[in-house]
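If you want the building blocks of each chain, they are given just below.
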Amino acid sequence: MSNRIYVAIDTPDLARAQALAQKVRHHVGGLKLGLEFFCAHGAGGVREMAQIGLPVFLDLKLHDIPNTVAKAVQSLSPLAPAILTVHASGGRAMLEDAKAAAPTGTKVVAVTMLTSLDASDLSDTGVVGTPADHVRRLADLAAEAGIDGIVCSGEEVAAVRKAWPKGFFVVPGVRPADGVIGDQKRVVTPRAAVDAGASILVIGRPITQAEDPDAAARAIAATL
Ligand SMILES: O=c1ccn([C@@H]2O[C@H](COP(=O)(O)O)[C@@H](O)[C@H]2O)c(=O)[nH]1
């Protein structure tokens, strides 16, 4: 893949989202639209952003009973996103039904453990074991369910790729060495994520909050 960076366009403002995407379009490989954007603009907003000409990653992290998730995936199908997320913890049947409902060209990837969580957060939710154990368990489940790949942090991706060489690994929680970490907890640099086996990197604020987003995207791309 020529450019592994998907820029997270996290804003409810359509004009700002379009302007940001236009600014960085030559130095990223795709646009990631999440809940903040989708709740404000829905399918129409996604279509507007698709006109920029980059692959669209719809990061809606669907998580519900299998029938509801499958119907949601069907409703999103006309948008033909390049990538769509569901939560791995929705379980085997939900993952299987989500994949079955998705268009052929859409990669369905399962979020394992959010990069904003650490070992202590995991324990707060009653999960026993380390983040690496938890991610590995959910990655195995996703692979068995026929999902295309997973979302995990750069700290786990090498181990899961070893067990699932053909998987598609999405890594958010990516920060340049001098970057502001903010609410993320399991963080690696862009270079470290790629070296560990990330298929694509999701990078938001280090680009979108930079004084010059295009220069920030270009500088990160140059490290890869
Ligand atoms: O585990 C996850 C899953 C998704 N995300 C999303 O990625 C971006 C990261 O934005 P930054 O500004 O680079 O922190 C954001 O849209 C999240 O919803 C994640 O961070 N971690």
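Keep in mind that this is a model prediction, so the values were computed, not measured.

Looking only at helices and strands, the chain features 10 helices and 8 strands. Its C-alpha atoms give the chain a radius of gyration of 16 Å, near enough to 17 Å, the size a compact globule of 224 residues would have. Dimensions of the chain, computed from the C-alpha atoms along their principal axes, are close to 40 × 40 × 30 Å. The long-range share in the chain, meaning contacts at least 24 apart out of those at least 6 apart in sequence, stands at 67%.

On to the sheet that holds strand 2 (residues 30–34). Strands in a sheet are paired, the pairing made by backbone hydrogen bonds, and the direction either parallel or antiparallel. The sheet built from 8 strands closes into a barrel, its strands ordered 1-2-3-4-5-6-7-8 with parallel pairing. With strand direction ignored, the average angle separating the axes of adjacent strands in the sheet is 25 degrees. Where strand 1 (residues 5–8) lies against strand 8 (residues 200–203), 3 bridges are found, and the strand directions are parallel. Within strand 8, the residue paired with I5 across the bridge is L201.

Turning our eyes to something else, we now look at the UniProt feature "active site" (unreviewed entry) in the chain. UniProt tags D59, K61 and D64 as "active site" (unreviewed entry). Residues within four places of D59 in sequence aside, it is in contact with K32, L33, G34 and T85. Take D64: it is sitting in the loop between strand 3 (56–62) and helix 3 (66–76). With 15 C-beta atoms packed within 10 Å, D64 lands in the partly exposed category. Contacts of D64, omitting those with residues within four sequence positions, involve V69 and G90.

Definitions and cut-offs
Residues numbered from 1 in each chain as written. Predicted model: local features only at pLDDT ≥ 70, side-chain atom pairs only at ≥ 80, totals over all residues. Helix = DSSP H or I, 4+ residues; strand = E, 2+ residues; numbered from the N terminus. Rg over C-alpha atoms; globule rule 2.2 N^0.38 Å. Contact = placed C-beta atoms within 7 Å. Pairing = 2+ DSSP bridges. Axes fitted to C-alpha atoms, helices over the stretch in contact; angles between N-to-C directions. UniProt positions renumbered as here; feature names shortened; annotations may be inferred. Buried ≥ 20, exposed ≤ 12 C-beta atoms within 10 Å, placed from the backbone.

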